[in-house]
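Chain and residue survey
Listed below are the residues making up each chain.
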Amino acid sequence: MKIIAADVLVTCPGRNFVTLRIQTEEGIYGLGDATLNGREMAVVSYLREHVVPCIIGRDPFETEDIWQYLYRGAYWRGGPVTMTAIAAVDMALWDIKGKALNTPVYNLLGGKSRNRVLVYGHANGVDIAETSDEVAKYVALGYKAVRAQTGIPGLSSTYGVAQEKLYYEPAATGLPPENLWSTEQYLLHVPKLFERLRLTFGDDLHLLHDAHHRLTPIQAARLGKSLEPHHLFWLEDAVTAELQEGFRIVRHHTTTPLALGEVFNSIWDAHILITEQLIDYIRMTIVHSGGITHLKKIAALAEIYHVQTGCHGATDLSPISMAAALHFDISIHNFGIQEYMRHTKETDDVFPHAYYFADGYLHPGDKPGLGVDYDVKLAERFPYARAYLPVNRKLDGTMWNW
Ligand code: EZ4
Ligand code: CO
């Protein structure tokens, strides 16, 4: 087969999405997600100017060599923009392979290792009572696992707490919104949330929490310890982990399972965390970590060290990424859980897809390729609008991690 064209498509059905569509001489096309929240146009330009010219004329079946060409051949390798662009190409090529061979992508990755993919939803409220009510709604929808985030007394806004409950989307138009942060208030409050949730929902429901990069290692250790009686499924992104060794401190102090990696781009962001068994779940995902080709290798390394996967799956990953994640999740052995934030109806209409939710699990469907399409006409009705994720400041004005 032969690649003859590739278009970079941008749409904003409620939030921005970038899509790469690769066309072949044989008439088959493949789709890849290229969305990098808040920096979308950097990836658009990287793809149009620097990547598309290099793949015209190539055989789309050569996913490994094309991956190596784009990674090693860039010289300035790695980073979120490059790895998102490579991921978009890689996803689209796996989609083409599946369509050409008339089989779902999971069959090309080893076949099904399980029947369905366990997912968790996002419950959030301004206070503990409202968060508890939101958890109840997810339980009523059939979820077996729920991430819970709550507003913190004294802070006007907190990560994970939004107006729109099912479709939480933190990016906003205009300049970046500013949030306020107090580690001390947070550390005092969060254990009370989980105490309440265990009293209300009992022991069987899987509960998760995202600290969203705000703690130091010793603070994370304190939080992990204080959450131990409530046996979380995981505590996510407790520390930024740019210093991977920092997680030795967290690990030594707590048995709360640790999840990390939604902002990582390559295995080099996680190799110490994995090989020293400092984490339990690796959260890297297809779109920001170089595609299916790279994530397969990361999962294989993680498998040796008892680390399971828990791919990022927020609304800023398009349905193409979600589908790619599901084909990956269902095929690998060391799958743990999949994040699942629902997209809005407008987004689902632009990206009609075969995957579906039933009884707390997602199913990838059995369409050839990734099983997602792109409605070009409808997408054109939603033009790109610049949007930023929030920034975060401590109460004294110091810039902090959002
Ligand atoms: O803040 O994807 O676990 N999920 C998350 C997400 C991230 C967004 C950022 O674009 O942390 O909500
Ligand atoms: Co997160």
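Reading the values: the criteria
- For every chain, the first residue of the written sequence is number 1, and numbering continues from 1 along that sequence.
- Lettering of chains starts at A and numbering of ligands starts at 1, both following the order in which they are written.
- For this predicted model, a pLDDT threshold of at least 70 governs which residues receive local features, and a threshold of 80 or more governs which side-chain atom pairs are given and counted, while totals over whole chains, interfaces and linings are taken from all residues.
- Calculation of side-chain values draws on the structure's entire complement of heavy atoms; hydrogens and water are dropped beforehand.
- For each residue, the test is whether any non-hydrogen atom lies within 4 Å of the molecule or strand; if one does, the residue is near.
- Under this definition, polar contacts are N or O atom pairs within 3.5 Å; protein pairs additionally need one hydrogen-donor-capable and one acceptor-capable atom, and for neighbouring residues in sequence, both atoms have to be side-chain atoms.
- Each accessible area value is a Shrake-Rupley result obtained with a 1.4 Å probe; residue values ignore everything except the protein chains displayed when judging cover.
- Put simply, Ala, Val, Leu, Ile, Met, Phe, Trp, Tyr, Cys and Pro go in the nonpolar bin, Asp, Glu, Lys and Arg in the charged bin, and everything else, Gly too, in the polar bin.
- Being paired, for any two strands, means DSSP has found at least two bridges between them.
- Counting from the N terminus, the helices are the DSSP runs of H or I reaching at least four residues and the strands are the DSSP runs of E reaching at least two.
- All the domain ranges listed were derived from an automatic or database domain assignment.
- It only takes one pair of heavy atoms within 4.5 Å for two residues to be counted as in contact.
- Two parts lose some accessible area (1.4 Å probe) when they are put together, and adding that loss for both gives the buried area.
- Salt bridges, as used here, are contacts in which a Lys or Arg side-chain nitrogen is within 4 Å of a carboxyl oxygen on Asp or Glu.
- Donor selection uses N, O and S atoms within 2.8 Å of the metal (3.2 Å for Na, K and Ca). Since no water is included, sites may look incomplete.
- Under the classification used here, a metal with four donors is tetrahedral if each angle lies between 85 and 135 degrees, square planar if opposite donors are over 155 degrees apart and the others between 65 and 115, a six-donor metal meeting that same test is octahedral, and anything else is irregular.
- Accessibility here uses a 1.4 Å probe with only protein chains present; expressed as a share of the type maximum, an area under 20% marks a residue as buried, one over 50% as exposed, and anything in between as partly exposed.
- Note on method: axes are straight lines fitted to C-alpha atoms, helices fitted across the in-contact stretch only, with angles between N-to-C directions ranging 0 to 180 degrees.
- Should an angle lie under 35 degrees it is considered roughly parallel, over 145 roughly antiparallel, and from 65 to 115 roughly perpendicular; all remaining angles are considered oblique.
- Note on convention: near helix rotated counterclockwise from far helix by under a right angle means a left-handed crossing. Clockwise means right-handed.

**Section: the site of ligand 1**
- Looking at ligand 1, there are 15 residues lining it, with Y159, H212, E236, E262 and D316 nearest.
- Within the contact set of ligand 1, an oxygen atom lies 2.8 Å away from a side-chain nitrogen or oxygen of H212.
- A distance of 2.7 Å is found between an oxygen atom of ligand 1 and a side-chain nitrogen or oxygen belonging to E262.
- Protein chains shield 95% of the accessible area of ligand 1, which is 320 Å² for the free molecule.
- Of the residues belonging to the shell around ligand 1, the class tally is five nonpolar, three polar and seven charged.

**Some thoughts on the pairing of strand β1 (residues 3-11)**
- Pairing analysis gives eight bridges linking β1 to strand β2 (residues 17-24), with the strands arranged antiparallel. The partner of I3 across the bridge, within β2, is T24.

**With respect to the domain arrangement of the chain**
- Considered domain by domain, the chain is made up of domain 1 (3-104) and domain 2 (108-367).
- Averaged C-alpha coordinates put domain 1 and domain 2 at centres separated by 26 Å.
- Each partner contributes to the interface: domain 1 provides 31 residues, whereas domain 2 provides 32 residues.
- Summed over both partners, the interface of domain 1 with domain 2 comes to about 2,400 Å²; 65% of that surface belongs to carbon and sulfur atoms.
- Across the domain 1-domain 2 interface, the total number found is one salt bridge.
- For E64, the salt bridge identified is with K297, shortest N-O distance 2.8 Å.
- Remark: the boundary between domain 1 and domain 2 carries ten residue pairs in polar contact (both at pLDDT 80 or more).
- For the side of domain 1 that touches domain 2, the secondary-structure elements that each account for two or more residues are β2, β3 (29-33), α2 (63-72) and α3 (80-101).
- Ranked by residue count, the leading element in the side of domain 1 that touches domain 2 is α3, at eleven residues.
- Classifying every residue of the side of domain 1 that touches domain 2 by side-chain character gives 15 nonpolar, eleven polar and five charged.

**Here's the deal with the coordination of the cobalt ion (ligand 2)**
- Looking at the metal site, the cobalt ion (ligand 2) is ligated by D210 (OD), E236 (OE) and E262 (OE), spaced 1.9 to 2.2 Å from it.
- Coordination geometry of the cobalt ion (ligand 2): the six donor atoms subtend angles of 24 to 177° at the metal centre, consistent with an arrangement described as irregular.
- Sequence positions of the donors to the cobalt ion (ligand 2) reduce to the motif D-x25-E-x25-E. Of this pair, D210 sits in strand β8 (residues 206-210) while E262 sits in the loop between β10 (258-260) and α9 (271-275); the two residues are 52 residues apart in sequence, bridging distant segments of the chain. As far as the burial class goes, D210 and E262 line up, both buried.

**Some words on the sheet that holds β3**
- Across the sheet, three strands lie side by side as β1-β2-β3; this open sheet has antiparallel pairing. Here the strands that pair on one side only, and so sit at the sheet edges, are β1 and β3. Here the strands of the sheet are splayed against their neighbours by 20° on average, with no regard to which way each runs.
- In this sheet, β3 lies alongside β2 in antiparallel orientation, the contact comprising five bridges. Its bridge partner lying in β3, R21 is registered against L31.
- Sheet strands touched by helix α1 (residues 40-55): β1 and β2. Its angle to β1, the strand with the most contacts, is close to 175°.
- Strands in contact with α3 are β1, β2 and β3; relative to β3, the strand with the most contacts, it is inclined by about 145°.

**Comments concerning the packing of helix α5 (residues 128-140) against helix α6 (residues 183-201)**
- Orientation of α5 relative to α6, taken along the N-to-C sense of each, is 45°, at an axis distance of 10 Å. When the axes of α5 and α6 are compared, the pair comes out oblique. In this structure, α5 crosses over α6, and the sense of that crossing is right-handed. Taken together, the residues of α6 that come into contact with α5 (itself represented by I128, A129, T131, S132, V135, A136 and V139) are H189, K192, L193, R196, L197, T200 and F201.
- Per-class residue counts for the contact of α5 with α6 are eight nonpolar, four polar and two charged.

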